[in-house]
Every structure is written in structure tokens, then in C-alpha cells.
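What follows is the residue order along each chain.
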Amino acid sequence: MAPTVGDFIVGRLHAWGVRRIYGYPGDGINGVFGALSRAEDKIDFVQARHEEMAAFMASAHAKFTGELGVCIATSGPGASHLITGLYDARMDHMPVLAIVGQQARAALGGHYQQELDLVSMFKDVAGAFVQQATVPEQVRHLVDRAIRIALGTRQVTALVLPNDLQDLPYEEPGRKHGTVHSGVGYRPPRSVPYPADLQRAAEVLNAGRKVAILVGAGALGAGAEVTALADKLGAGVAKALLGKAVLPDDLPWVTGSIGLLGTEPSYKLMTECDTLLMIGSGFPYSEFLPKEGQARGVQIDIKPDMLSLRYPMEVNLVGDSAETLRELLPLLTAKTDRAWRDSIEEWTGDWWKKLEARALADAEVGVNPQRTIWELSPRIPADAIVTSDSGSVANWYARDLKVQQGMMCSLSGGLASMGAAVPYAIAAKFAYPHRPVIALVGDGAMQMNNMAELITVAKYWKEWGDPRWICMVLNNEDLNQVTWEQRVMEGDPKFEASQRIPHVSYHQFAESIGLRGIHVDRAEAMAGAWEQALASDRPVVIDVKTDPNVPPLPPHITLAQAKAFASTLLKGDPDQGSVIANTARQVLSAVLPGNRKK
């Protein structure tokens, strides 16, 4: 039988190096699924429980491997369900290709069942390249361009395939006017700035007495270069959330995360520096960077549209982070005055002591949520991959998880979407089946969409070389981050109707589908729960009853925040007594004797 258009597409994806596709089937894309079946396992298909989760998996695949992430869905609702996960990839500059079905060409424009204007629908999220195929001869260059553009520009692209076209015999484009003859292959170029621009950057950095560095996802893989530069300049390094794994947290001049979820030493680093170097970061909150005019600035980014966007930079360098830093390093003069570095190390040492005191402080009910991740840090394997969801769990991930050299970790950054942690962790496990993977999730995200994806884990885990896949759920029956935002930003008490969520026994659900479940409701049991989970012969869900009224204190409390919080208490919060008690414990934990539990 002659190869079909679907067969050609699968073969072309394979030629481009695609070895895994995440998605969900349907009649609008059956021609491609038939081709996947005929391809004899050249490309693995991972069946998610929902198309949105498949798109998150494709985004995570791109983040953890650097390769193209691919997701696939049927026409109509299948295609529309991909959108949120694709926006995650778009906001974090990840190369992802979405392949979606469409109704038969003869029916288009006829208000047919599941007929959506998919090209228009994808135009924003996949604006770099979205095309609908109409004839077999067109498919070759559509696949080639979609992949090359996604990889070359680090953006989302989309292909729309009418279902009748997928089953037609494939035809190569003819050698005639009006045809396109494309080919396979892309390697990123070496990207470094001009020598004159590097020299200008070096002059700014050499002149600085108090240099602060901020690294993001674009600096992943450049840890050695960042370390060498920071040591030469006597600088401290703060990390945006997507750059958490750039450097390990045992380096005394690494101040940790920055922003609302950040640390006190990162806040001091930015407020007291006279020079700022940003490397591969689109960190959005300018109020946590130096005041305009306080510091001279240098920025390195592969994408020119991200330069001088958060802070007015004196020198903007377009280039790959590692390559650019290697060119920049010989131009820098080693600083002999280490007073700035000594101050940074003192701030950071004090901060880790404060975090320990906060994590080990009592909670009013159940477990202090900080304790869950604090107990993980000394036990986590050095090759682990960690994913975090959005919400209050991201606070404790950002601050309390001590990243080691060689670890990988990520979350939904620019989109900050709930529901990404479990699909991220699934994609990480498929990409690295011999590495332990840990997902940190709130109960809001679990109920929204992550519980279903535990079924995906149950379906596939026996294929993984290492069975260690762990999901820890902070079970506080509260949409906690928003509750605290209402209290501290709006000055409003907790609104029970919007914030309270039902109790679910997540560990029992895990057991019901063949996974292992561990329930923790005492702080003293937390360390043992991690040890048990990390020694398990199958995936584990750790269901931790945590106190929703432990405050995620920002690194700096503004007068406006203090007034709003006071207003909340004056109005009467339903959990007021617990809120006050827990806040007092957190604020005073490092100074009051007897307020820490070992």
C-alpha cells in the first residue's frame, strides 16, 4: 500500500529526531494515529488523560531535554483543550509543535460538527507558524517549517490537518512553478556579541564595587561560567524561579530565589548593589530589582525582545549565555576587596538559619507546610528532577528546597498555571526514566486536573527503569495562595465560598489505582515519609495534612501590605486566631527560645 499523508508526517517527524509525542486520540486525527501504529514504535505515544496535560508534557519535555516537544489532539475540543499548555510553552520560550485534526475539507465552512477556525484560534499562541494543510504536496514543507521555526525561534508552532487529507496517498511536490521543496535539519548557531560590546560590558562590570547577578532559565547549562564570573567579581547570585537549578544552593554567595516568593538576601542583594548583571532571565517584577538609576546594568539574552525590559540596561548583549560568558571572562579584572562578598555570605547564612527556624516551628493544625520541603532537602538524591505547581507550594519550593549540583527542576513560569506539576513530572520521567522525579503539588491543583494524571502514572510506571516517582500533596482544603493574596494585597478576610475546597484522601486514591499512598498529619513523621517514598518499588503519593494559615511571608513587607493585613484582621477573618498565632510564630521563630522543634 502506498504511504499516506499520515505515514509521511510520522516519518518526517522521526527524521527530525522526534521520538515521543504526548496527546489524546479522536476521529479528527485518526489518520496520523494509524500511521503511528504502522511505524513500528519509531515514535512513542504517551496517552494523557486530557489534552491540556499533554501540552504541558510537551512543554516540560522541551524544558528538560532542550528538544522539540510535540503534542497531538483531535479536532474541535481536542484542539482547544491544548491551548493552556501551549501558552505555558510560549510564555517560557519553549519549542513545541502542536498537531491537530480538522474536519474534512469539503465540509469546512459548513458549520460542521467540531469545526472550529483552528488557524485563527492558534494564531496568538502559535503565531510564529500556524498553517492548515490542503493538499498532500504541501505537507512536506509545512512539517519542515513548523519544526525549524519552533527550534530556531524557541516558540510554539501548529499544524492543522483535515481528516480526509491524512488518509490520502502522499505525493511529493512536483518540479514546477508554485511548489516548495524543503529539507530536514537545524543546528543552532554559535551566538556571541561583537568584541566591542563585550568590552563595554566588561568596563561596566569592572567598575562596579557591589555586583549583583540574576540568573534565569537562559543560564541553565552555564553554571560553571556563572560561577567563574561571580568569583572573579566577588558577586552574589540570585535566581529567578526558572533558573533555580543554574547553581547549587550550597554555594554561600547564592542568595536563592527573588521576588514575592524570594529570600531576604536576594532582596538585600538587589537593594544594595551598584551593578546588575542579568543572564537569561525575564523575571517580571521590577520592584524587586534595583531602583532605576541605582545600578549600572548589563544583560545577556538570546532573545533581543527581552533585553532592557525589566531594568534600563547600559549594555545589552544578544547571545548564548555560556558562550557569551566565556568570551566576557578574560576581559574582567578580579576584585581584591571581598567586603561585598562577605556581606552576601553573612546574609545568606543567617537566612538559612531563619528558614530552618520557620520550617521547624509548630503549626496550629497538622504539619507546617515549610517542613515538608525542608525535610526533603537533605534526603533528595543529587540526580533528582523536581517539579512544582503554582500556588503556596511554590513559595516553599522556591525557598526551602536546596538544589544540589546536577539536579533539574522547573515549573510553569511566565504563565504560572495551576496543574502543571504532575504532567511536568510525567514528562520528566519519560525523558529520564532512570532518575527519581518528585512533584510538589497543592490540593487545589490536584482537584483541578492532576489527580486524573496519576492514572497516567499508573498506566506507564512499569516501563520506567527507576520506579521512584513521587507526588507530594499539601492537603489544606484551601486555595491557599489566593487566600493570602486576599488578606495581604486586598485587605480582605478569607472568602470561604471561593477558597474552601473539599477534603479528598489523595493517598487512598493512589492506593486504589495501584500506586503507594502515604498519609502524614504529624510534623515528626515527615522525614520518615520521604525516606519511605524514596525507597519505594512503585510511584508514591504523599498526602500531607498541612496548616493553611502559615503565612508565606515575602522577603520585605511593605507598609501597604502591613496595612492591608491589619485591615483583614480588623474586618474579622474566619481563621483569625490561627492566622495570628502562625504569623507570630513565623516572625519570631528565629529569636524566641523554645519555638523550634527538632
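Residues numbered from 1 in each chain as written. Predicted model: local features only at pLDDT ≥ 70, side-chain atom pairs only at ≥ 80, totals over all residues. Heavy atoms only, no water.

What counts is decided by this rule: UniProt positions are given in the numbering used here, feature names are shortened, and annotations may be inferred rather than shown by experiment.
Going by what an unreviewed UniProt entry lists, the protein is known as Thiamine pyrophosphate-requiring protein and is assigned to Bordetella flabilis. Entered under Sequence similarities (unreviewed entry) in the UniProt record, the comment concerning the protein runs "Belongs to the TPP enzyme family."

1. Considerations on the overall build of the protein
Quick note on the threshold: For the purposes of this entry, the term helix denotes a DSSP run of H or I that reaches at least four residues, the term strand denotes a run of E that reaches at least two, and both are numbered from the N terminus. Computation of the radius of gyration draws on C-alpha atoms, with the globule rule given as 2.2 Å multiplied by the number of residues to the power 0.38. Burial classes follow relative accessibility: with a 1.4 Å probe on protein chains only, a residue under 20% of its type's maximum area counts as buried, one over 50% as exposed, and anything between as partly exposed. Here a residue-residue contact requires only that any non-hydrogen atoms of the pair lie within 4.5 Å. Asp and Glu are treated as the negative residues and Lys and Arg as the positive ones, with His and the ends of the chain left uncounted. By convention, charge coordinates are those of NZ in Lys, CZ in Arg, CG in Asp, or CD in Glu.
Helix and strand content of the protein: 23 helices and 18 strands. Over its C-alpha trace the protein gives a radius of gyration of 25 Å, about what one expects of a compact globule, namely 25 Å for 598 residues. Per-residue burial over the protein gives 57% buried out of 598 residues. For the protein, the share of sequence-separated contacts (at least 6 apart) that also reach a separation of at least 24 residues comes to 75%. A gap of 3 Å separates the mean positions of the 58 positive and 67 negative side-chain charges of the protein.

2. As for the pattern of salt bridges
Proximity of charged atoms lets side chains of opposite charge pair with each other. We apply this condition: The salt bridge criterion pairs a side-chain nitrogen of Lys or Arg with a carboxyl oxygen of Asp or Glu, the two atoms within 4 Å.
This structure, assessed with the given rule, holds 27 salt bridges. The shortest N-O distance in the salt bridge between Arg200 and Asp197 comes to 3.5 Å. On the criterion of helical spacing, the pair formed by Arg200 and Asp197 is a turn pair, its members being 3 residues apart in helix H9 (residues 195-207). The exposure class assigned to Arg200 is partly exposed, which follows from its relative accessible area of 39%.

3. Notes on the packing of aromatic side chains
Which entries qualify depends on this criterion: Whether two aromatic rings pair depends on their centres lying within 6.5 Å, for rings of Phe, Tyr and Trp, where Trp uses its six-membered ring; planes under 30 degrees apart make the pair stacked, over 60 edge-to-face, and the rest tilted.
Evaluation of the coordinates by the stated rule reveals 10 aromatic pairs. Aromatic side chains Tyr22 and Phe430 sit 6.4 Å apart centroid to centroid with 75° between the ring planes, which places their arrangement in the edge-to-face category. Of this pair, Tyr22 sits in strand E1 (residues 20-23) while Phe430 sits in helix H16 (residues 421-431); the two residues are 408 residues apart in sequence, bridging distant segments of the chain. We note that Tyr22, like Phe430, is buried. Here the aromatic rings of Trp340 and Trp347 are separated by 5.7 Å at their centres, their planes lie at 85°, and the arrangement is edge-to-face.

4. Remarks on unusual backbone geometry
Within the chain, Gln114 stands out as a residue other than glycine whose phi angle is a positive 60°. Note that Gln114 resides in the loop between strand E4 (96-102) and helix H6 (118-121).

5. Side note on the UniProt feature "domain: Thiamine pyrophosphate enzyme N-terminal TPP-binding" (unreviewed entry) in the protein
Within the UniProt annotation, "domain: Thiamine pyrophosphate enzyme N-terminal TPP-binding" (unreviewed entry) is assigned to residues 4-121. Across residues 4-121, helical content stands at 45% and strand content at 17%; the span's end C-alpha atoms are separated by 27 Å.

6. Some points on the sheet that holds strand E17 (residues 516-520)
Counted only if it meets this: Any two strands are treated as partners once DSSP identifies two or more bridges connecting them. Only the contacting stretch of a helix is used when fitting its axis, a line to C-alpha atoms as for every element, and angles between N-to-C directions run 0 to 180 degrees.
Pairing in this open sheet of 6 strands is parallel, and the strands run E14-E13-E15-E16-E18-E17 from one edge to the other. Both outer strands of the open sheet, strand E14 (408-410) and E17, are each paired with one neighbouring strand and no more. Neighbour-to-neighbour, the strand axes of this sheet turn through a mean angle of 15°, independent of strand direction. Here strand E15 (residues 437-442) runs beside strand E16 (residues 469-475); their pairing, made up of 6 bridges, is parallel. Counted as the bridge partner of Val437 is Trp469 from E16. Lying on the sheet, helix H21 (residues 526-534) is in contact with E15, E16, E17 and strand E18 (540-545); it crosses E18 at an angle near 170°.

7. Re the sheet that holds E4
Sheet architecture is open: 6 strands sit in the order E2-E1-E3-E4-E6-E5, paired in parallel fashion. Looking at which strands have only one partner, the edges of the open sheet turn out to be strand E2 (44-47) and strand E5 (129-132). Along the sheet, successive strands turn relative to each other by an average axial angle of 20°, direction set aside. As paired strands, E4 and strand E6 (residues 156-162) are joined by 7 bridges and run parallel to one another. Its bridge partner being in E6, Gln102 is matched across the sheet by Pro162.

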